[in-house]
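# Architecture at a glance
In case you want the letters, here they are:
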Amino acid sequence: MTIISKTKSTIILAFIIGSFTMLYCSLILNQNIWTDEAFTIELTRQNGLLEIIRQTAIDVHPPLYYLIVKIFISLFGSSFQVYKLVSILPMLLTMLLSMTHIRPWFGAARAVLFLIFLNAIPCVMEYSVQIRMYSWCIFFITLAGLSTYGVYTQGTFRQYCILTLAALCACYTHNFAMISAVFLYILLGIALIFQKKTVPVRWLLSGAVVSAGFLPWLPVLLRQTGSRVGNYWIEPVTMKTIFGYFSDLFGSRLPYTAVMFGILLILAVFFFKDTRREERFVALLAIVPLLTVLTGILVSVLITPFFIARYLLPCMGLIALFLAVSFGGALQRRASFMLLSAFLAVMAANAYYTNFLLEYDSTHTSELLRYLEAAMEEDDLILYNHQEYGFIYECYFDSEKLCFLDDMDFEAAYHQIWYFDSCVSPWLPDDVLQEHGLAKEYIATLGIEQNDFILYRIYRK
């Protein structure tokens with residue numbers, strides 16, 4: 001391909017980064033959240049930094065993501081959009097690595113391919129706007145992976161520092177990001193030993209710093225793991241489950257998407273013969289997700305089910321880098337490069353369309369909120385009978401106006417009640433309403449999250 005100037009490549013990369021960032025931002029102008037997102041909101045709205053750490057220790061994830069969220073909402077407010085922007089920020093940072101790391105080391109064409117591959121992987125866009133830690137994991141692991149390449153090719157103190165910091169942050173963001181970081185260090189160590197014919201001291205020191213930095217959390221991790229043995233929501237791992245991992249990550253509403261990405265990965269392995277010798281180190285980075293999933297399967301089979309497909313999301317930047325470096329070296333003709341870019345652009349557009357529908361059309365939340373905003377009066381109450389969704393409702397409504405059915409005092413002072421009937425126990429018998437001189441009126445079938453319910457207006461006769 002024709003070599004383009006640095007200025008022109010900067011404009012192209014900036015345009016692609018800006019375009020994808022705007023697409024991400026266009027997906028957050030809604031009021032939809034799911035259960036795990038509500039957990040993030042509840043944890044960070046109601047607690048200070050120290051209490052967040054204490055509460056996180058009871059859960060299954062490390063605390064860094066929640067601390068980042070707390071800092072941002074303390075500065076900019078706690079609207080859903082602020083929460084979701086905290087997830088978009090690391091995607092922007094990850095894309096900026098195409099300018100700071102990938103272009104200088106691998107060339108502008110591969111930097112462009114990295115951006116398109118990253119955003120064309122179907123699962124990435126979905127989780128990058130959710131109020132969870134996955135986009136931060138992608139950034140930390142991608143930065144750590146690029147830093148291992150920098151250490152391998154340059155060995156500078158700066159690269160070691162960035163690797164150490166990125167790996168430590170990954171360890172404190174998600175447990176499987178920690179596992180991926182460990183494998184990055186192991187593969188880097190093997191490569192350096194073969195390169196230098198001796199054990200590299202600075203590599204050992206970097207690993208020791210990360211280990212020492214994570215040591216305070218290690219007892220918590222062991223306790224979290226032990227408490228979940230035989231008592232976790234993840235289903236047992238079967239062969240069907242294992243084969244489904246790839247489809248979960250690379251499948252989409254378009255037919256054979258997972259198959260096409262599988263073919264691209266196989267071709268990328270063969271195309272690596274066309275890369276420079278030092279660039280072949282990137283192929284080691286592609287082994288990290290494989291080793292991570294094998295570890296997850298092993299733990300799930302031998303101890304207890306702990307692994308699901310989205311725990312591989314931290315490695316998606318490494319996969320995008322592997323594909324970009326391989327195809328960027330193999331596709332020397334502009335026509336071939338443009339053909340691949342067009343395919344990936346279609347995949348990215350499909351991912352956006354799918355997630356637009358998911359964010360804006362998959363629930364009745366907006367319709368419910370609009371109705372209640374117009375219909376609710378100051379002395380009204382909201383009554384619900386799905387107890388597990390109580391903390392989700394608190395993300396939308398004042399907790400003082402919410403009441404679980406079993407706790408309801410129908411003799412209390414209120415104007416009218418808006419009843420969310422999820423058609424589950426406990427039930428609200430008609431004779432209870434009659435006893436208190438109440439009647440109910442059917443409004444509509446609405447809902448919050450993926451939980452639809454029948455909305456009734458309960459009023460005094």
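Higher on the page you've got the structure.
Residues numbered from 1 in each chain as written. Predicted model: local features only at pLDDT ≥ 70, side-chain atom pairs only at ≥ 80, totals over all residues. Heavy atoms only, no water.

### Let's talk about the overall build of the protein
Put simply, the rule reads: Per the convention used, a helix needs a DSSP run of H or I reaching at least four residues, while a strand needs a run of E reaching at least two, with both numbered from the N terminus. For a compact globule the rule gives 2.2 Å times the number of residues to the power 0.38, and the radius of gyration it is set against comes from C-alpha atoms. For every residue, the accessible area obtained with a 1.4 Å probe (protein chains only) is divided by the maximum for its type, and the residue is called buried under 20%, exposed over 50%, and partly exposed between those limits. Any two residues having at least one pair of non-hydrogen atoms within 4.5 Å are treated as being in contact.
If you tally the helices and strands in the protein, you get 21 helices and five strands. Taking 23 Å as the expected radius of gyration for a compact globule of 461 residues, we find that the protein reaches 25 Å, a close match to that expectation. Its C-alpha atoms put the protein at 85 × 50 × 45 Å along the principal axes. Evaluated residue by residue, the protein yields a buried proportion of 54% over its 461 residues. Of all intrachain contacts in the protein linking residues separated by at least 6 positions in sequence, the fraction that spans at least 24 positions is 76%.

### A short note on a nonpolar patch on the surface
The criterion, for reference: Each patch is assembled from residues with relative accessible area greater than 30% and no salt bridge, linking like charges that lie within 9 Å and nonpolar side chains (Val, Leu, Ile, Met, Phe, Trp, Tyr) that lie within 5 Å. Per-residue and other accessible areas follow the Shrake-Rupley method at a 1.4 Å probe size, with only the shown protein chains counted as cover for residues. For this document, the term salt bridge refers to a Lys or Arg side-chain nitrogen within 4 Å of an Asp or Glu carboxyl oxygen.
A cluster of nonpolar side chains, namely L49, I71, L75 and F76, defines an oily patch on the protein surface of about 430 Å² accessible area. Per element, the largest residue contribution to the nonpolar patch is three residues, and it comes from helix α4 (residues 64–76). Tracing the backbone through its elements, the reader meets L75 in helix α4.

### Examining the sheet that holds strand β5 (residues 451–460)
Note the threshold: If DSSP finds at least two bridges between two strands, the strands pair. Lines fitted to C-alpha atoms define the axes here, with helix axes fitted over just the stretch in contact, and angles between the N-to-C directions of these axes take values from 0 to 180 degrees.
Judged by pairing direction, the sheet is mixed, and its five strands sit side by side in the order β2-β1-β3-β5-β4 without closing on themselves. Each edge of the open sheet is held by one strand with a lone partner, namely β2 (402–404) and β4 (438–448). Strand-to-strand, the axes of this sheet are offset by a mean angle of 25°, without reference to chain direction. Two strands pair when backbone bridges link them, and β4 and β5 are joined in this way by 10 bridges, in the antiparallel orientation. Across the sheet, the residue bridging to L446 is F453, located in β5. Strands β1 (381–384), β3 (417–421), β4 and β5 of the sheet are contacted by helix α19 (residues 365–375), whose axis makes an angle of about 145° with β4.

### As for the environment of I52
Tracing the backbone through its elements, the reader meets I52 in helix α3 (residues 49–58). Judged by its relative accessible area of 0%, I52 is buried. Setting aside residues up to four positions removed in sequence, I52 forms contacts with L43, T44, N47, Y66, L67 and K70.

Read these as spatial facts, not as claims about activity.
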